Amino acid sequence: EVGSACDSLHNGIGYMSKREFEIYPNPSFENVIIRPLDNSQYHLQLYSQVGIKLDEIDFDGSRNLDLKEYESGIYYLLISDRDRRMFSYKLVHIK
């Protein structure tokens, strides 16, 4: 459920805090590069500040995330790997 995932994003319960990705630039103006520190398969979900799922993609290696269509604000990335480990990141987008 979207609500439960975002609740956990905000309070950090059940999510890994170890740095597994380089995510830049943050704040972003158009695009964000997501670069995992390994070449595993990942599943990414992008959420708005109020918990609405905006996008969902599978990737391996570096990924360019286009934020041009979104308004300025705070967004959350929820990334999971094959082992079901979860990683959360906060993005600031400035239009």
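Per-chain numbering applies: the sequence of each chain, read as written, is numbered from 1 onward. The model is predicted, so local features are restricted to residues of pLDDT at least 70 and side-chain atom pairs to those at 80 or more, both for listing and for counting; the totals for chains, interfaces and linings are taken over all residues. Hydrogens and waters are ignored; side-chain quantities use all the structure's heavy atoms.

**Q** Could you clarify how one ought to interpret the packing of aromatic side chains in this entry?
**A** Working definition: an aromatic ring pair is given by the centre-to-centre distance plus the angle between the planes. Aromatic rings from Phe, Tyr and Trp, taking only the six-membered ring of Trp, are treated as a pair when their centres fall within 6.5 Å; an angle between ring planes under 30 degrees marks them as stacked, one over 60 as edge-to-face, and anything in between as tilted. The tally for this structure, following the rule as stated, stands at five aromatic pairs. Between phenylalanine 21 and tyrosine 42 the ring centres are 4.8 Å apart and the planes differ by 70°, which places this aromatic pair in the edge-to-face class. Residue phenylalanine 21 is found in strand S1 (residues 21–24), and its partner tyrosine 42 is found in strand S3 (residues 41–48); the two are separated by 21 residues along the sequence. A relative accessible area of 2% places phenylalanine 21 in the buried class. The cut-offs for exposure are 20% and 50% of the maximum accessible area for each residue type, with area from a 1.4 Å probe on protein chains only; residues under the lower value are buried, those over the upper are exposed, and the others partly exposed. Looking at tyrosine 42, the relative accessible area reads 3%, which means it is buried. Among the aromatic residues, those joined into a ring-pair cluster are Phe21, Tyr42, Phe59, Phe87 and Tyr89. Secondary structure is summarised from DSSP: a helix means a run of H or I of at least four residues, a strand means a run of E of at least two, and numbering begins at the N terminus for each.

**Q** Can you walk me through the pairing of S3 in this structure?
**A** Consecutive side chains along a regular strand alternate between the two faces of the sheet. Of all eight residues that make up S3, six are buried, and the element is covered over most of its length. Should DSSP find at least two bridges between two strands, the strands are regarded as paired. Joining the antiparallel neighbours S3 and strand S4 (residues 53–60) is a turn of four residues, in which glycine 51 adopts a positive phi near 90°. Here seven bridges tie S3 to strand S6 (residues 73–81), and the two strands are oriented antiparallel to one another. In the strand pairing of S6, leucine 46 is matched with leucine 77.

**Q** Just checking my understanding: could you explain the nonpolar core for this structure?
**A** Soluble globular proteins: nonpolar side chains tend toward being buried together. Core analysis: the biggest nonpolar cluster contains 18 residues, and Phe21, Ile23, Ile34, Leu77, Ile79 and Leu91 have the highest contact counts within it. Counting only elements with at least two residues in this core, the list comes to S1, strand S2 (31–36), S3, S4, S6 and strand S7 (86–93). With sequence-adjacent residues up to four places away left out, isoleucine 34 is seen in contact with Phe21, Glu22, Ile23, Leu44, Phe59, Gly61, Ser62, Arg63, Leu65, Leu77 and Ile79. Side-chain atoms within 4.5 Å link the members of a nonpolar core, which is a set of buried Ala, Val, Leu, Ile, Met, Phe, Trp, Tyr and Cys residues. What makes two residues a contact is simply this: any of their non-hydrogen atoms within 4.5 Å.

**Q** Got a minute to help me understand the pattern of salt bridges in this structure?
**A** Note on pairing: side chains with opposite charge can pair once their charged atoms come close. What counts as a salt bridge is simple: a side-chain nitrogen of Lys or Arg found within 4 Å of a carboxyl oxygen of Asp or Glu. Under the criterion given, the structure shown has five salt bridges. The partner of glutamate 20 in a salt bridge is arginine 85, and the shortest N-O contact between them spans 4.0 Å. Here glutamate 20 is found in the loop between helix H1 (2–11) and S1, whereas its partner arginine 85 is found in the loop between S6 and S7, with 65 residues between them in sequence. A salt bridge links glutamate 22 to arginine 35; the nearest nitrogen and oxygen atoms lie 3.3 Å apart. On the criterion of sequence distance, the pair formed by glutamate 22 in strand S1 and arginine 35 in strand S2 is long-range, its members being 13 residues apart. Classification of glutamate 22 as partly exposed rests on a relative accessible area of 29%.

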